[in-house]
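# Understanding the architecture of this molecule
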Amino acid sequence: QAQLVESGGDSVQPGGSLRLSCAASRSIFGISVMAWYRRAPGKQRELVAHITKDGRANVADSVKGRFTISRDNAESTVYLQMNSLKSEDTAVYYCYARTTIGPEYHYWGQGTQVSVSS
């Protein structure tokens, strides 16, 4: 059951840009926080950015000034605009959603690959 579906991952050169999208299924109700995590080879999972339903956004220091998170509540979609990409941004990016309505409360996407290399 693909309840969170990411798209937009690709292979780009350093300095390039990508925009990731994550659409939540209509079967998910009561979404509060949505976020992007990433898992790079040899590293632990990292929280990249998160955003509340009322639009309060936060990004990790490692991507501050380069990445922007936003959401469209009407479409239950979260975006991650990635500019000035670096090789260290290479990772599988995962969408996450937290809900206030059970029974699950936590949802993860399948991930989308972002590769940055010259």
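In this report, the structure presented in the accompanying data block is examined. (Residues numbered from 1 in each chain as written. Predicted model: local features only at pLDDT ≥ 70, side-chain atom pairs only at ≥ 80, totals over all residues. Heavy atoms only, no water.)

## A short note on the nonpolar core
Counting 29 residues, the largest nonpolar core has Leu4, Met34, Trp36, Leu80, Met82 and Tyr93 as the members making the most contacts within it. Among the elements of the structure, strand 3 (18-24), strand 4 (31-39), strand 5 (46-51), strand 7 (67-72), strand 8 (77-82), strand 9 (91-99) and strand 11 (112-116) are those that each provide at least two residues to this core. Setting aside residues no more than four positions away along its own chain, Met82 makes contact with Gly16, Ser17, Leu18, Leu20, Arg66, Phe67, Tyr93 and Val114. (Core = buried A, V, L, I, M, F, W, Y, C linked by side-chain atoms within 4.5 Å. Buried < 20%, exposed > 50% of the residue type's maximum accessible area, 1.4 Å probe, protein only. Helix = DSSP H or I, 4+ residues; strand = E, 2+ residues; numbered from the N terminus. Contact = heavy atoms within 4.5 Å.)

## With respect to the pairing of strand 4
Burial within strand 4 is extensive, with 8 of its 9 residues counted as buried. Bridge count for strand 4 against strand 9 is 7 bridges, and the pairing is antiparallel. Bridge assignment links Arg39 to a residue of strand 9, and that residue is Val92. Bridge analysis of strand 4 against strand 5 gives 5 bridges, and the strand direction is antiparallel. Bridging across to strand 5, Trp36 finds its partner in Ala49. (Pairing = 2+ DSSP bridges.)

The values reported here are purely geometric and, on their own, carry no functional implication.
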